[in-house]
Amino acid sequence: MTKHSCVPPPRLCSVTITPLADRFGRVATDLRVSLTDRCNLRCSYCMPAEGLDWMPTDEVLTDDEVVRLLRIGVERLGIREVRFTGGEPLLRRGLPGLVAAAKALDPSPEVSLTTNGLGLARTAVALAEAGLDRVNVSLDTVRREEFLAITRRDRLHDVIAALAAARAAGLEPVKVNAVLLRGVNDAHAPELLRWCIEQGYALRFIEQMPLDAQHGWSRAAMITAEEIFASLATEFTLTPVDEDRGSAPAEEFLVDGGPARVGVIASVTRPFCGDCDRVRLTADGQVRNCLFAREESDLRTPLRSGASDEEIADRWRIAMLGKRPGHGIDDESFLQPTRPMSAIGG
Ligand code: SAM
Ligand code: SF4
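Residues numbered from 1 in each chain as written. Chains lettered and ligands numbered in written order. Predicted model: local features only at pLDDT ≥ 70, side-chain atom pairs only at ≥ 80, totals over all residues. Heavy atoms only, no water.

Draft legend 1. Representation of empty space enclosed by the protein within the structure. Considering all chains together, one arrives at 2 cavities of 30 Å³ or more under this definition. Considering the residues around the largest cavity, the lining is formed by Asn289, Cys290, Ala293, Arg294, Glu295, Gly322 and Arg324. Classifying every residue of the lining of the largest cavity gives 2 nonpolar, 2 polar and 3 charged. Its volume calculated, the second largest cavity comes out at about 30 Å³. Broken down by secondary-structure element, the contributors of at least two residues to the lining of the second largest cavity are β1 (20–21) and β2 (27–28). Looking at side-chain class alone, the lining of the second largest cavity contains 6 nonpolar, no polar and 3 charged residues. (1 Å grid on protein atoms, 1.4 Å probe; cavity = no way out; pocket = protein on both sides within 12 Å on 5 of 7 lines; lining within 4 Å. Points joined across faces, edges and corners; volume = space filled by probe spheres on them. Nonpolar A, V, L, I, M, F, W, Y, C, P; charged D, E, K, R; others polar. Helix = DSSP H or I, 4+ residues; strand = E, 2+ residues; numbered from the N terminus.)

Take a look at the structure:
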């Protein structure tokens, strides 16, 4: 077992949990932590080809600061799941230590990772040993030219190796996240599903959301969940899975009677905001109560100016009170958040 430096000390006394409740009765227990806004791909639905102005290093939380916020989240606010994301979280050197530190909290949360997979083939075992429970790898196509067209990098082979390494390291179920773009990879959705089923990966299609830095999203151009179903139905029979979905965003379907499944996350056309149990922390220490929030609450300043754990927890709770009932993408007044997806943490 690898040793990691930022494992928190054991708790000395029990702390009362006052959860992250909002004004609509929702309670956030699932924390998405963005570890960096940097990335080594340039997916067209996320970033411009030239990349973005990255956050200055001194504004990014250190590993110890991230661990302190995780501890406050778990011990005082009832966080039960932690997902590390970004930007590309594998670019963060301290990732195995952060995973180990998160798992060492009491109660130990579920810890997962959303990644583009570049470098995962080398690190999957270390991450599994650090206690990582699961991984979601983003892969929109198994065609090399399409992968290059979408991500602007010729790295399909790395992602395929990453998926195999994750499976071999026991980070299962290995999930694949795919976004379909009209005229680019949408015609090959059934092919991607067939490949994932053959390899034993759980595929979920995600509707494209208005979170790209270039503001290129349009409702008319996005591929809707209905279109995804229609495309998959040309080759497969999909049967809705008869299970309570809870707060899970994906609608699950059995493929050709099962046991293989496919998920569709219809964030835009069938929002699931009413059941949302998520809260987000950006790499520079801002709490976002929603992907589409237009306001943020700064935890970095109090963290760096001597605030107590309970003072920080209180700020975090207050941040949840402004959570809106829904994302409002279809409202005329909808405004895309200033931060792009890569700086929020998807
Ligand atoms: N770099 C990592 C990755 O790609 O998995 C983690 C961060 S990325 C922002 C997280 C997820 O958001 C990925 O699955 C990606 O496909 C998805 N994503 C990015 N931009 C999106 C958009 N505009 N609409 C829907 N999903 C998006
Ligand atoms: Fe990078 Fe992930 Fe955005 Fe693609 S979706 S550019 S891999 S952060």
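After that view, the rundown keeps rolling.
Draft legend 2. Structural view of the site of ligand 1. With respect to spatial proximity, 17 residues lie near ligand 1, and among them Tyr45, Gly87, Glu88, Ser138 and Met209 are the closest. Between ligand 1 and the protein, one listed contact pairs a nitrogen atom with a side-chain N or O atom of glutamate 88 at 3.1 Å. Between ligand 1 and threonine 115 there is a distance of 3.2 Å, counted from an oxygen atom to a backbone nitrogen or oxygen. Protein coverage of the free-state accessible area of ligand 1, which is 540 Å², stands at 95%. For the shell around ligand 1, the elements supplying multiple residues, two or more each, are β5 (110–115) and β7 (175–179). The residue inventory of the shell around ligand 1, partitioned by class, reads 5 nonpolar, 10 polar and 2 charged. (Near = heavy atom within 4 Å. Polar contact = N/O pair within 3.5 Å; in protein donor to acceptor, adjacent residues only side chain to side chain. Areas by Shrake-Rupley, 256 points an atom, 1.4 Å probe, with all protein chains shown as cover.)

Draft legend 3. Molecular detail of the environment of serine 342. Turning to its location among the elements, serine 342 is positioned in helix α10 (residues 341–344). Serine 342 gets classed as buried once you look at its relative accessible area, which sits at 4%. Residues serine 342 and threonine 115, 227 residues apart in the sequence, show an inter-C-alpha distance of 11 Å. Ignoring any residue separated from it by four or fewer positions in sequence, one finds serine 342 in contact with Ser34, Thr36, Asp37, Cys46, Met47, Leu52, Gly86 and Gly87. (Buried < 20%, exposed > 50% of the residue type's maximum accessible area, 1.4 Å probe, protein only. Contact = heavy atoms within 4.5 Å.)

Draft legend 4. Region of the structure containing the nonpolar core. Counting 100 residues, the largest nonpolar core has Phe84, Phe205 and Trp316 as the members making the most contacts within it. Those residues in contact with phenylalanine 205 that lie beyond four places of it in its chain are Ala178, Leu180, Ala189, Leu192, Ile228, Leu232, Val262, Gly263, Val264 and Ile265. (Core = buried A, V, L, I, M, F, W, Y, C linked by side-chain atoms within 4.5 Å.)

Draft legend 5. Structural detail: the site of ligand 2. With respect to spatial proximity, the complete set of residues near ligand 2 consists of Cys39, Leu41, Cys43, Cys46, Gly87 and Asn116. Here the residues of the shell around ligand 2 are counted per class, giving 4 nonpolar, 2 polar and no charged.

Draft legend 6. Summary view of the packing of helix α1 (residues 63–77) against helix α2 (residues 95–103). At a closest axis distance of 10 Å, the pairing of α1 and α2 adopts a crossing angle of 25°. Taken together, the axis directions place α1 and α2 in an arrangement best described as roughly parallel. As α1 runs across α2, the sense of the crossing is right-handed. Seen from α1, the contacting residues are Asp63, Val66, Val67 and Leu70; seen from α2, they are Leu98, Ala101 and Ala102. For the contact of α1 with α2, a count of residues per class yields 6 nonpolar, no polar and 1 charged. (Axes fitted to C-alpha atoms, helices over the stretch in contact; angles between N-to-C directions. Parallel < 35°, antiparallel > 145°, perpendicular 65-115°, else oblique. Left-handed = near helix turned anticlockwise from the far one by under 90°.)

Draft legend 7. Structural view of unusual backbone geometry. A cis amide bond, omega 0°, links aspartate 106 with the succeeding residue proline 107. Position of proline 107 among the secondary structure elements: in the loop between α2 and β5. Cis geometry marks the peptide bond from glutamate 172 to proline 173; its omega dihedral reads 0°. Tracing the backbone shows proline 173 in the loop between α5 (156–168) and β7.

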